[in-house]
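# Close look at the chain arrangement
One letter stands for each residue in the lines below.
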Amino acid sequence: MRRPLLLLTCLALLCGCATTPQLPRSGSMDLPTWLTAPSEALQADAPVSLRMSCPAHLEPFCDRYQLPPWVVYGVVRCLGAEEFLVNGTFRRFSLTDEFGESNVVVDELHYDVVRRKIDRALDGIARAVADSETELDRMNVLGSYVRRRFGAFVLFSLKHADAVQAAPDGFTNLLLESGESLDEMERFDRAHVATLGIEPGWIETQEYYQVVQAGDFGYGNPMESFRRTEEEAIHDMARSLMVKFSHLRRQFSTDRSIDDSVQEDAVREELTLRMRGARVIRRVVDPGQRICLVTLRLSRSGVARK
């Protein structure tokens, strides 16, 4: 019973020693490029904060496995980058009267990672932590999932942990380091953001679907701002794809007359999609507007009806 408490205490000390980037008076912010413009090899990994609290929808996993919130969120986010299941119900109501025809679409949308995959991954980590003999061993278990670090911000990676287990001799536990980073940095100020020309919206090409999502940015907790905006981008991507793939087949239909001058038609369709390989390819901060922009891209081949 003492091991989780000792582990969380040690992590709290580490987090307390790490620094969080603050907004200088010049109105600019420096962030590592592994966060802002991740290479293809890093796009399936999940940026997290060692200080983060457990998101409400993941609290059952945090309670069950007694792992730090950044580990639980990192696992779910990495698994989600590989595959989301999206379920939706669409109802279209068309109303025709003397003024013409109007359409109203109401949808219920749910997306999530397969529960058994989450349990399998978290159970493996929790068992490895419980089987560790010393606090250092336990820290090394969790540290094997950290590919990059910048202060209290780390890049959580399931693939990195696999590589560490395959070749443990070359492993450096970034959780035990100072948090100082020698990684290449990107400086965001109003002039730099203007040159990027990134605008919120939906793009569809022959190769991929893409959403650029804007969100509120808090300088005290940049990673939380990015996390919330990424989740909104995933929801936007899922909703747009559901609309695109929905044929609104007439599983049930009514075509009735409300009176002699008004006709109402109702159409409904239930749909399940798989989203495989969703990747965040860009994260941008606009200091002047206090917003962040997240670019989420999904290959057309990564979308299929279940």
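Before going into details, it helps to say that this report is about the structure given with it. (Residues numbered from 1 in each chain as written. Predicted model: local features only at pLDDT ≥ 70, side-chain atom pairs only at ≥ 80, totals over all residues. Heavy atoms only, no water.)

This brings us to the side chain of Q213. Tracing the backbone through its elements, the reader meets Q213 in strand β9 (residues 208–216). If sequence neighbours within four positions are ignored, Q213 has contacts with T229, E232, A233, D236, C292, L293 and V294. (Helix = DSSP H or I, 4+ residues; strand = E, 2+ residues; numbered from the N terminus. Contact = heavy atoms within 4.5 Å.)

Once that is clear, we can look at the pairing of strand β7 (residues 185–188). Successive residues of a regular strand alternate their side chains across the two faces of the sheet. Residues E186 and F188 point to one face of β7 and are all buried, whereas M185 and R187, pointing to the other face, are not buried. Pairing of strand β1 (residues 29–32) with β7, which is carried by four bridges, proceeds in the antiparallel orientation. For D30, the partnering residue across the bridge sits in β7 and is R187. (Buried < 20%, exposed > 50% of the residue type's maximum accessible area, 1.4 Å probe, protein only. Pairing = 2+ DSSP bridges.)

Positive phi values are uncommon outside glycine, yet Q66 reaches one of about 55 degrees. Summarising the element assignment, Q66 is placed in the loop between α3 (59–65) and α4 (69–82). Phi at R290 takes a positive value of approximately 55 degrees, unusual for a residue other than glycine. Structurally, R290 can be placed in the loop between β12 (279–286) and β13 (291–299).

Another point: the sheet that holds strand β8 (residues 201–204). As summarised here, the arrangement of the four strands in space is β8-β9-β13-β12, forming an open sheet in which the pairing is antiparallel. Every interior strand has two partners, whereas the edge strands, β8 and β12, have only one. Taking the axes of each pair of neighbouring strands and ignoring which way they run, one obtains an average angle of 15 degrees across the sheet. Bridging between β8 and β9 involves four bridges; their strand directions are antiparallel. Looking across to β9, one finds that I203 is bridged to Q210. The strands that helix α9 (residues 222–245) touches are β8, β9, β12 and β13; relative to β9, the one it contacts most, it runs at about 140 degrees. (Axes fitted to C-alpha atoms, helices over the stretch in contact; angles between N-to-C directions.)

Turning our attention to the nonpolar core. In this structure, L67, W70 and L241 are the most contacted members of the largest nonpolar core, which totals 73 residues. Per-element tally for this core: the top contributor is α9, with nine residues. (Core = buried A, V, L, I, M, F, W, Y, C linked by side-chain atoms within 4.5 Å.)

Attention now moves to the packing of α4 against helix α5 (residues 115–131). Relative to each other, α4 and α5 sit at 140 degrees, their axes nearing to 10 Å. With respect to α5, the axis of α4 lies oblique. Considering how the two elements wind past one another, α4 and α5 form a crossing that is right-handed. Residue-level contacts link V71, V72, V75, V76 and L79 of α4 to K117, I118, A121, L122 and I125 of α5. Residue composition of the contact of α4 with α5, by class: nine nonpolar, no polar and one charged. (Parallel < 35°, antiparallel > 145°, perpendicular 65-115°, else oblique. Left-handed = near helix turned anticlockwise from the far one by under 90°. Nonpolar A, V, L, I, M, F, W, Y, C, P; charged D, E, K, R; others polar.)

It is worth spelling out the state of the cysteines at this point. Counting across every chain of the model gives one disulfide. Across a sulfur-sulfur distance of 2.3 Å, C54 and C62 are joined as a disulfide pair. Residues C54 and C62 share a disulfide whose torsion about the S-S bond is about 90 degrees; that sign makes it right-handed. Pair check on accessibility: C54 and C62 agree, each one buried. (Disulfide = S-S within 2.5 Å.)

Right, let's get into the packing of α5 against helix α6 (residues 135–143). Direction vectors running N to C along α5 and α6 enclose 160 degrees, while the axes themselves pass 8 Å from each other. Classified by the interaxial angle, the pair formed by α5 and α6 is roughly antiparallel. You can see that α5 and α6 cross each other, and the crossing is right-handed. Facing I125, A128 and V129 of α5, the residues of α6 in contact are R138, V141 and L142. Here the residues of the contact of α5 with α6 sort into five nonpolar, no polar and one charged.

Turning to the sheet that holds strand β6 (residues 153–156), a few remarks are in order. Ordered in space as β2-β6-β5, the three strands form an open sheet in which the pairing is antiparallel. Since the sheet does not close on itself, it has two edges, and those belong to β2 (46–49) and β5 (146–150), each with one partner. Across the sheet, the axes of successive neighbouring strands diverge by a mean angle of 25 degrees, strand direction being ignored.

To continue, consider the environment of E83. Structurally, E83 is set in the loop between α4 and β3 (84–97). A relative accessible area of 8% places E83 in the buried class. Those residues within four positions of E83 in sequence are excluded, and the remaining contacts are V113, V114, K117, R274, M275 and R276. Within the structure, E83 has its side chain in polar contact with the side chain of R276 (distance 2.7 Å). (Polar contact = N/O pair within 3.5 Å; in protein donor to acceptor, adjacent residues only side chain to side chain.)

With that settled, the discussion passes to the packing of aromatic side chains. A full pass over the atoms with the stated rule returns five aromatic pairs. Seen from their ring centres, W70 and F156 are 6.2 Å apart, and the 75 degrees between their planes marks the pair as edge-to-face. Taken together, the positions of W70 in helix α4 and F156 in strand β6 put the pair 86 residues apart, joining distant regions of the chain. Assigned by exposure class, W70 and F156 land together as buried. Geometrically, the ring pair formed by Y145 and F156 is stacked, given 5.4 Å between the ring centres and 10 degrees between the ring planes. A residue pair is termed long-range when its members are at least 10 positions apart, and Y145 in the loop between α6 and β5 and F156 in strand β6 qualify at eleven residues. The two residues Y145 and F156 agree in class, both being buried. Linked through ring pairs, W70, Y145 and F156 together constitute an aromatic cluster. Seen from the ring of Y208, R297 lies directly overhead, with NZ or CZ sitting 3.8 Å from the centre. (Phe/Tyr/Trp six-rings, centres within 6.5 Å; stacked < 30°, edge-to-face > 60°. Lys NZ or Arg CZ within 6 Å of the ring centre and 35° of its normal.)

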